[in-house]
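Fold and contact review
Single-letter residue listing:
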Amino acid sequence: MRTAALAILEYLIGFIALAFFAYLAFGRGQTTDESFVFAFKASSFLAIGELAFLLARTAPANRLILGANLWLIAGGAAAFTEQWWWLRVYQQFGEASLFLAILLVGVVSTLFTPSGFIAKLGPRLSVQRSSLLLLVAVGCALAAAVYFRGNVKYAAVIPIIALSWLHRLLRHRLSSGV
């Protein structure tokens, strides 16, 4: 019962830091450099909390959330230390920088962890196949982010939701042995 409650809690809080960032950066009128910097500073603390929660669990951490939170923490660290070059890189790549961070986490976890990118233990071949499928999907999300750059809804929100659903489907299929 405790495991189920933790899984539900993880699902509910999963992308709260990213949603908070999006609200602060884009949801309050005209986006400015100041709102962008403030959004990273404020959401990085929430991302650290989410990351601590995910890593404290015995189950493998959701790699999509892990990648998004690392992206936010790096942006927050750059804002606090006034590493404007880093934030300019984020700004230059736009929403694609988020998917690059997730892709990096996906590649590392696929190659070096038994639960792969899908963060689910199972037969190694099945985990690898599911992880590779999720990596391809992140690549598609990255392409969408580049194509729709500047349109947060199509460049980030819809791809993140689609990746989250695909992740849950792949984990479910691995559990049921399909």
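Bear in mind the structure is a predicted one, so any value in this text is a computation, not a measurement. (Residues numbered from 1 in each chain as written. Predicted model: local features only at pLDDT ≥ 70, side-chain atom pairs only at ≥ 80, totals over all residues. Heavy atoms only, no water.)

The subject of this paragraph is the packing of aromatic side chains. By the definition in use, this model includes 13 aromatic pairs. Residues F21 and F40 carry aromatic rings whose centres are separated by 4.5 Å and whose planes lie at 45° to one another, so their mutual orientation is tilted. Residue F21 is found in helix 2 (residues 16–26), and its partner F40 is found in helix 3 (residues 33–56); the two are separated by 19 residues along the sequence. Overall, F21 belongs to the buried group, its relative accessible area being 4%. Classification of F40 as buried rests on a relative accessible area of 0%. Cluster of aromatic residues (ring-pair linked, three or more members): F21, F26, F36, F40, W71, W85, W86 and Y90. (Phe/Tyr/Trp six-rings, centres within 6.5 Å; stacked < 30°, edge-to-face > 60°. Helix = DSSP H or I, 4+ residues; strand = E, 2+ residues; numbered from the N terminus. Buried < 20%, exposed > 50% of the residue type's maximum accessible area, 1.4 Å probe, protein only.)

Now for the nonpolar core. Ranked by internal contacts, the top residues of the largest apolar core, which has 42 residues, are F40 and W71. Elements with a contribution of two residues or more to this core: helix 2, helix 3, helix 4 (63–80), helix 5 (84–93), helix 6 (96–112), helix 7 (124–147) and helix 8 (152–176). If we ignore the near neighbours within four places in the chain, the residues touching F40 are F21, W71, L72, G75, G76, A79, L87 and Y90. (Core = buried A, V, L, I, M, F, W, Y, C linked by side-chain atoms within 4.5 Å. Contact = heavy atoms within 4.5 Å.)

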